[in-house]
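Given next are the chains, with one letter for each unit.
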Amino acid sequence: MNAIIYCRVSTEKETQTTSLERQKEELIKLAHQHDLTVIKVIEERESGYEIDREGILEVLLDLKEKKAQALLIQDDTRLGRGNTKIAVLHQIHKYGANVYTVNDHGTLQLSDTDSMVLEIVSIVEEYQRKIHNMKIKRGMRAAVKKGYNPLENLKNNDQGGRDRKKVPTSEIIRLREMKLTFHEIAATLRGFGYDVSKATVHRRYTEYIENLEEN
């Protein structure tokens, strides 16, 4: 199993350099004990309350892309403090990765409180996904009810394996003429595979109107 070693200290003080080196040495030993292949060692000097850390973001990206299946840390506070730690752990669990710590001599043992919070976060995220899908369906129903035929209107835009993130401005205009709100238009287009937001829809429509006025 491939693993990433992540070491963190919160300051630039010279004394912290020793801490980073100690963390690295202990984590390499931990990897050997569990027959893990270390593919990368990431060290950084950042506050645990800060989520925007280059090192931890690199870790999450590698885990998401399955370059590694395990993360080695000294203890869970190395991931972050407070809500930041919970957010990072949630992402790691979503990617199906294992976390090993020196303090636990193996797999991370979460406190009852952290386990409960992570479970709540997962439940909330699932309901948010359901609500998001409901909004998409609602937008699609509203469009069809007002005469929008997706098969007829989008067939000329279907070009096989093209990037579905391309925004069909002509359809935005057509749906807007049917009195749909920008939110409903965005939800409808997302339902047909277009990765667009309400803001993007509004911007494209505004650009269209401005071009008309200029001409």
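Before any of the text, the structure's been laid out above.
These numbers were taken from a predicted model, which means no experiment stands behind them.

Q: A description of the sheet that holds strand β2 (residues 37–45) should follow, citing residues and the corresponding values.
A: The strand order β2-β1-β3-β4-β5 describes an open sheet built from 5 strands, whose pairing is mixed. One side of each edge strand has no neighbouring strand; the edge strands of this open sheet are β2 and β5 (106–107). Bridge count for strand β1 (residues 2–9) against β2 is 8 bridges, and the pairing is parallel. Note on β2: the bridge partner recorded for Ile5 is Val41. Seen against the sheet, helix α2 (residues 54–64) touches β1, β2 and β3 (70–73) and runs at an angle of roughly 155° to β2.

Q: For the nonpolar core, give the residues involved together with the corresponding values.
A: Of all hydrophobic cores here, the largest spans 20 residues; its most connected members are Tyr6, Val59, Leu63, Leu71, Leu79 and Ile92. Excluding anything up to four places from it in sequence, Leu63 contacts Ala68, Ala70, Ile92, Tyr95 and Ala97. Judged by nonpolar contacts, the second largest core, of 14 residues, contains Val167, Met178, Val201 and Tyr205.

Q: Lay out unusual backbone geometry in plain terms, naming residues and giving numbers.
A: In this structure, Asp35 takes a positive phi of about 55° despite not being glycine. Inspection of the secondary structure assignment puts Asp35 in the loop between α1 (14–33) and β2. The backbone of Lys66 sits at a positive phi, close to 65°, despite the residue not being glycine. Examined against the element boundaries, Lys66 turns out to sit in the loop between α2 and β3.

Q: Which residues make up the pairing of β3, and what values do they have?
A: Because side chains alternate across β3, one face comprises the buried residues Ala70 and Leu72, and the other comprises Leu71 and Ile73, equally buried. Here β1 pairs with β3 via 3 bridges, running parallel. Residue pairing in the sheet places Ile4 in a bridge with Leu71 of β3. Summarising the sheet, β3 and strand β4 (residues 98–101) pair through 4 bridges and their orientation is parallel. Across the sheet, residue Leu71 finds its bridge partner in β4, namely Val99. In terms of handedness, the path from β3 via helix α3 (residues 83–94) over to β4 forms a crossover that is right-handed.

Q: Residues and numbers for the packing of aromatic side chains, please.
A: Tallied over the entire structure, the rule returns 2 aromatic pairs. Note on Tyr205 and Tyr208: the rings are 6.3 Å apart at their centroids and 40° apart in plane angle, and the pair reads as tilted. On the criterion of helical spacing, the pair formed by Tyr205 and Tyr208 is a turn pair, its members being 3 residues apart in helix α8 (residues 198–214). Look at Tyr208 and you get partly exposed, because its relative accessible area is 27%. Clustering of aromatic rings is evident, with ring pairs tying together Phe182, Tyr205 and Tyr208. Cation over ring: Arg176 sits above Tyr205, and NZ or CZ is 5.8 Å from the ring centre.

Reading guide: rules and limits
Residues numbered from 1 in each chain as written. Predicted model: local features only at pLDDT ≥ 70, side-chain atom pairs only at ≥ 80, totals over all residues. Heavy atoms only, no water. Pairing = 2+ DSSP bridges. Helix = DSSP H or I, 4+ residues; strand = E, 2+ residues; numbered from the N terminus. Contact = heavy atoms within 4.5 Å. Axes fitted to C-alpha atoms, helices over the stretch in contact; angles between N-to-C directions. Core = buried A, V, L, I, M, F, W, Y, C linked by side-chain atoms within 4.5 Å. Buried < 20%, exposed > 50% of the residue type's maximum accessible area, 1.4 Å probe, protein only. Right-handed = clockwise from strand over helix to strand, strands pointing away. Phe/Tyr/Trp six-rings, centres within 6.5 Å; stacked < 30°, edge-to-face > 60°. Lys NZ or Arg CZ within 6 Å of the ring centre and 35° of its normal.

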